[in-house]
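Coordinate analysis (summary)
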Amino acid sequence: YFFYNRNSLRQSIGFNLNSKLTLTYLGFIFWAIGSLAYAINPTEVLVNLSRQLNVFLMFFSMAVLCHGLKNKMVFLSWVISIILAFEIYAVLDQAIELFNSTGRIQGGQLKGVTANRNVTAFSLAIKIPFVLYLLHVIKKNWKKLILTAIITLGLVSLSMIQSRASFVAIGLISFAYITLQLTLYFKENKKIKQLLNIGYLLAPLFLAILINQTFLSKKGADAISRAATISVSTTDNSINQRLRYYQDVLTHFSSNPIFGVGLGNWKLKSVDYDKNDINGYVVPYHAHSDFIQLGAELGIIGFLLYLGIFIWAVIFVYRLIRNGELNLDEKVFHFLMITALGVYSVDANLNFPIARPQVLVVWALIIALITGFYQKEQNKTLKLRPNVTLSTGFLALCLFLTLPSIYINNTVYKSLKGQMFLLQDFNSNKYNVPLNQVDNIVPDIPNITVTTIPINSVKARYYVNAKKYDKALALLDKGTNANPYLYYSEILKSQIFQE
């Protein structure tokens, strides 16, 4: 679509392509491509590259499409707020269902429209700044009442989900919003309205706490008690595990500062570091910090390029608010966008949103809006002229890269479906998949399961069971190359040699 309409979109494409944030992001993508040369498992690099390319194209597409969108701040904030309302409904519906069936509300089972409570929690939290912006610009009281109700129910949902990292995010939002209103109070001739606006967040927050402590805490959803466990104490298993992961990543990063293990390959190398604490084959798939994990995978340059995306976003917003020709509403919008980016950063330092599209899509929108506004302001002062040849070449490159990305994602999807059957047999120590279907039940990409067990080694167990040892050994050799740290292949080899 962009290529076909390249003449009418050339200004938008050119401006966004000239952005330092976009160029830094592109640098990160190309540096990640370079990790194919040194990765432990190059196939896993391809799988993760296709995902990273998709996210970049999502960001760039949003930046281009939002360029000429009228009243984009209010329109997109309403879109995000409506989506937030549906997500809140899904959480509340699950909570009611749990209470009716068990008499209790278990936060770990409140997954909303996602498959994990942490994903749901941050999907809710990152959208709250959009609602706060609408409360800033909307004049009608009945609309303000609806928006306040959305925030209240969102906070009640978070209190039931009990994701501690999301509590930190809400603390960040509260601090940023109070700071904003106090700043506006002193800047706007000390109008009492600015101080009263703090109530749009504090009132829902206090009401959510009141509801939680009065009605929900007795049902197993005590948010205060859960929040009280936020600390760096190593007596907490979850925190202790994260600290161990951080230490492993930093240890590897310090000894391999230039080149890492390859994009998406930390989950393989992490086995070598965490082997004394692993139960069964549950390996550390993620370091629970996207930034330092990318440092371990792509070295210092990859780490700085990824961090640079966030740094440029902060610089852009600072320049827009400090020096840009923006009205007050636009400045408030950008401050709240950087607050939402802060929520994502909290998630990125405690979890792994880089692998979670539910949150990534909002992140892509945020940096797309910031980039678009900044480039528009730059054009006013510098009178930038987009390079038509460069824009056309970039679109051609995107089309070229999209085709293998589609292929890889399609094969990964097929593999995930086949892995369901292979892993079900693996976990139950059964052989329900017929031997004549084993070879073709999954494609060649990826070559490890979601639990990092080499797929060829999982297939080999069927041939070991059928006493076709030569075939099994050939598959196991490939399995060792795919993941040389798990040693499941060697266990099967020992069984073969024993026989």
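Now for a quick tour of the structure. Note that the coordinates shown come from a computational prediction; the quantities given were computed from them, not determined experimentally.

On to the overall build of the protein chain, then. Across its full length, the protein chain carries 21 helices and zero strands. Here the C-alpha radius of gyration of the protein chain, 25 Å, is about what a compact globule of 499 residues would show, namely 23 Å. For the protein chain, the spread of C-alpha atoms along the three principal axes comes to 85 × 65 × 40 Å. The buried share of the protein chain, reckoned over its 499 residues, is 53%. Relative to all contacts within the protein chain whose residues are 6 or more apart in sequence, the contacts with residues 24 or more apart total 75%.

Moving on: the packing of aromatic side chains. This structure, assessed with the given rule, holds 26 aromatic pairs. Ring centres 3.9 Å apart and planes at 10° place the aromatic pair phenylalanine 316 and tyrosine 374 in the stacked group. Residue phenylalanine 316 is found in helix 14 (residues 290-323), and its partner tyrosine 374 is found in helix 16 (residues 357-382); the two are separated by 58 residues along the sequence. Accessibility expressed as a relative area gives 6% for tyrosine 374, which makes it buried. A connected cluster of aromatic rings, assembled from ring pairs, spans Tyr25, Phe28, Phe56, Phe59, Phe60, Phe291, Tyr306, Phe310, Tyr344, Trp363 and Phe394.

What follows deals with the nonpolar core. Judged by nonpolar contacts, the single largest core of 110 residues is most densely connected at Tyr25 and Trp363. Among the elements that line this core, the one with the most residues is helix 16, at 13 residues. Ignoring anything within four residues of it in the chain, the contact list for tyrosine 25 reads Gln52, Val55, Phe56, Phe59, Ile309, Trp363 and Ile367. Of all hydrophobic cores here, the second largest spans 24 residues; its members include Phe426, Val433, Ile453 and Ile496.

What follows concerns the environment of threonine 179. Residue position: threonine 179 is located in helix 8 (residues 164-187). It is 9.3 Å that separates the C-alpha atoms of threonine 179 and isoleucine 198, two residues lying 19 residues apart in sequence.

Its place among the elements puts aspartate 274 in helix 13 (residues 266-274). For aspartate 274, a relative accessible area of 2% gives the class buried. In contact with aspartate 274, not counting residues within four places along its chain, are Arg244, Tyr245, Asp248 and Pro284.

Under the criterion given, the structure shown has nine salt bridges. Among the salt bridges present, the one from arginine 244 reaches aspartate 274, with a minimum N-O distance of 2.6 Å. Of this pair, arginine 244 sits in helix 12 (residues 237-255) while aspartate 274 sits in helix 13, placing them 30 residues apart in sequence. The burial state of arginine 244 is the same as that of aspartate 274; both residues are buried. The residue aspartate 477 makes a salt bridge to lysine 493 at a minimum N-O spacing of 2.7 Å. A residue pair is termed long-range when its members are at least 10 positions apart, and aspartate 477 in helix 20 (residues 469-482) and lysine 493 in helix 21 (residues 488-498) qualify at 16 residues.

What follows concerns the state of the cysteines. Scanning the entire structure with this criterion turns up zero disulfides. Distance from the sulfur of cysteine 66, which forms no disulfide, to the nearest cysteine sulfur (cysteine 398) is 17 Å. The class of cysteine 398 is buried, set by a relative accessible area of 12%.

Let us look at the environment of glycine 260. Within the fold, glycine 260 resides in the loop between helix 12 and helix 13. For glycine 260, a relative accessible area of 13% corresponds to the buried category. When residues no more than four places from it in sequence are discounted, the contact partners of glycine 260 are Tyr38, Ala296, Glu297, Leu298 and Gly299.

If you check which residues of helix 10 (residues 199-216) are buried, you get Tyr200, Leu201, Pro204, Leu205, Ala208, Asn212 and Leu216. What you see down the axis of helix 10 is that its buried residues fit within an arc of 125°, all on one side. Exposed residues lying more than 90 degrees from the buried face of helix 10 are Phe206 and Leu210. Tucked into the core, helix 10 has its buried residues touching helix 6 (128-137), helix 7 (141-161), helix 8, helix 9 (192-197) and helix 11 (223-227).

How each quantity is defined
- Residues numbered from 1 in each chain as written.
- Predicted model: local features only at pLDDT ≥ 70, side-chain atom pairs only at ≥ 80, totals over all residues.
- Heavy atoms only, no water.
- Helix = DSSP H or I, 4+ residues; strand = E, 2+ residues; numbered from the N terminus.
- Rg over C-alpha atoms; globule rule 2.2 N^0.38 Å.
- Buried < 20%, exposed > 50% of the residue type's maximum accessible area, 1.4 Å probe, protein only.
- Contact = heavy atoms within 4.5 Å.
- Phe/Tyr/Trp six-rings, centres within 6.5 Å; stacked < 30°, edge-to-face > 60°.
- Core = buried A, V, L, I, M, F, W, Y, C linked by side-chain atoms within 4.5 Å.
- Salt bridge = Lys/Arg side-chain N within 4 Å of Asp/Glu carboxyl O.
- Disulfide = S-S within 2.5 Å.
- Arc of directions from axis to C-beta.

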